Amino acid sequence: MKIELSRFKIKKGKEDLADEWMEILNDRIDETVETMGREKIFIEAIFEEKINGEKYFSWFSIQNKNGEMCDTSEHEIDKVHIKYWKECIDDTVPADNQKLKLFLLNKNTKLKS
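Right, let's walk through the structure included here. (Residues numbered from 1 in each chain as written. Predicted model: local features only at pLDDT ≥ 70, side-chain atom pairs only at ≥ 80, totals over all residues. Heavy atoms only, no water.)

Quick look at the overall build of the chain
Worth spelling out the cut-off: Where helices and strands are cited, they refer to DSSP runs of H or I of at least four residues and of E of at least two residues respectively, numbered from the N terminus. Only C-alpha atoms enter the radius of gyration, while the globule expectation follows 2.2 Å times N to the 0.38, with N the number of residues. When a residue's accessible area, from a 1.4 Å probe over protein chains only, is under 20% of the maximum for its type it is buried; when over 50% it is exposed; and in between it is partly exposed. Any pair of residues with heavy atoms lying within 4.5 Å of one another is described as a contacting pair. Where accessible areas are quoted, they stem from the Shrake-Rupley method and a 1.4 Å probe; at the residue level, only the protein chains shown are allowed to cover. Charge assignment: positive for Lys and Arg, negative for Asp and Glu; neither His nor the chain ends contribute. To locate a charge, take NZ of a lysine, CZ of an arginine, CG of an aspartate or CD of a glutamate.
When its secondary structure is counted, the chain shows four helices and four strands. Along the chain, helices and strands appear, N-terminal first, in the series β-α-α-α-β-β-α-β. Taken over the C-alpha trace, the chain has a radius of gyration of 15 Å; the compact-globule value for 113 residues is 13 Å, and the two agree within 12%. Overall, the C-alpha framework of the chain stretches about 45 × 35 × 20 Å when taken along its three principal axes. Considering the chain as a whole, with its 113 residues, one finds that 29% of them fall into the buried category. In the chain, once contacts between residues fewer than 6 apart in sequence are set aside, the share between residues at least 24 apart is 75%. Accessible surface computed for the chain: about 7,900 Å², of which carbon and sulfur atoms make up 50%. Across the chain, 20 positive and 24 negative side-chain charges occur, with their mean positions spaced 8 Å apart.

Comments concerning a negative patch on the surface
Put simply, the test is: For patch building, the residue pool is restricted to those with more than 30% relative accessible area and no salt bridge; the joining distance is 9 Å between like charges and 5 Å between nonpolar side chains (Val, Leu, Ile, Met, Phe, Trp, Tyr). A side-chain nitrogen of Lys or Arg and a carboxyl oxygen of Asp or Glu constitute a salt bridge if their distance falls within 4 Å.
There is a patch of like negative charges on the surface, built from D16, E20, E23 and D27. Among the structural elements, E20 can be located in helix α1 (residues 15-27).

Brief notes about the packing of α1 against helix α4 (residues 76-88)
How we decide: Fitting a line to C-alpha atoms yields each axis, with helices limited to the stretch in contact; the angle taken between N-to-C directions then spans 0 to 180 degrees. Here is the rule for angles: anything less than 35 degrees is roughly parallel, anything more than 145 is roughly antiparallel, 65 through 115 is roughly perpendicular, and the remaining ranges are oblique. It is the rotation of the near helix from the far one that decides the hand of a crossing: anticlockwise by less than a right angle makes it left-handed, clockwise makes it right-handed.
One way to put it is that α1 packs onto α4 with a least axis distance of 10 Å and a crossing angle of 165°. Taken together, α1 and α4 sit at an angle that is classed as roughly antiparallel. In this structure, α1 meets α4 at a crossing whose hand is left-handed. Residues L17, A18, E20, W21, I24 and L25 of α1 pack against I77, V80, H81, Y84, W85, E87 and C88 of α4.

Concerning the environment of F42
Checked against the element boundaries, F42 lands in strand β2 (residues 41-51). Along the sequence, F42 and M1 sit 41 residues apart, while their C-alpha atoms lie 9.8 Å from each other.

Some thoughts on the nonpolar core
For soluble globular proteins, the rule of thumb is that nonpolar side chains tend to be buried together. Selection rule: In this text, buried Ala, Val, Leu, Ile, Met, Phe, Trp, Tyr and Cys residues form a nonpolar core when linked through side-chain atoms within 4.5 Å.
Of all hydrophobic cores here, the largest spans 13 residues; its most connected members are W21, F57, W59 and I89. At the level of elements, α1, β3 (54-63) and α4 are the ones that each hand at least two residues to this core. Leave out the neighbours within four places in its chain, and I89 touches F8, K9, I10, K11, W21, W59 and Y84.

Section: the environment of P94
Within the secondary structure, P94 is located in the loop between α4 and β4 (96-97). For P94, a relative accessible area of 68% corresponds to the exposed category. With 44 residues separating them in the primary sequence, P94 and K50 have C-alpha atoms 17 Å apart.

Things to note about the pairing of β2
Each regular strand displays side chains that alternate between the two surfaces of the sheet. Worth spelling out the cut-off: Following DSSP output, two strands are said to pair if at least two bridges run between them.
Examined bridge by bridge, β2 and β3 share 10 bridges and lie antiparallel to one another. By the bridge assignment, E49 is partnered in β3 with Y56. The hairpin turn running from β2 into β3, its antiparallel successor, is two residues long, and N52 in that turn takes a positive phi close to 50°.

Listed below in structure tokens is the structure:
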């Protein structure tokens with residue numbers, strides 16, 4: 001199992017486009033959830049925060065290590081997702097990948113590999 005939390009900076013001037021991106025994913029939630037099976041993602045959440053007036057998105061996920069990558073998908077919503085990613089994420093700023101120190105899971109919760 002792989003547990004990730006990573007923060008990505010939104011490009012200056014693309015903040016409204018980034019909001020549109022999240023709105024599309026939310027509006028098309030059934031399609032978005034459908035893609036999680038091939039990616040072997042159990043849980044995915046995206047958070048927004050402002051740091052010194054700059055917008056960032058943070059991705060949290062719990063997934064199987066051998067899932068398919070989003071950019072290899074034939075799902076239309078994944079193509080939309082990748083398009084927005086390329087337009088909105090500032091790849092000149094390295095992702096801030098958090099180091100997992102503790103993970104607790106209720107013993108009654110079932111996550112299949």
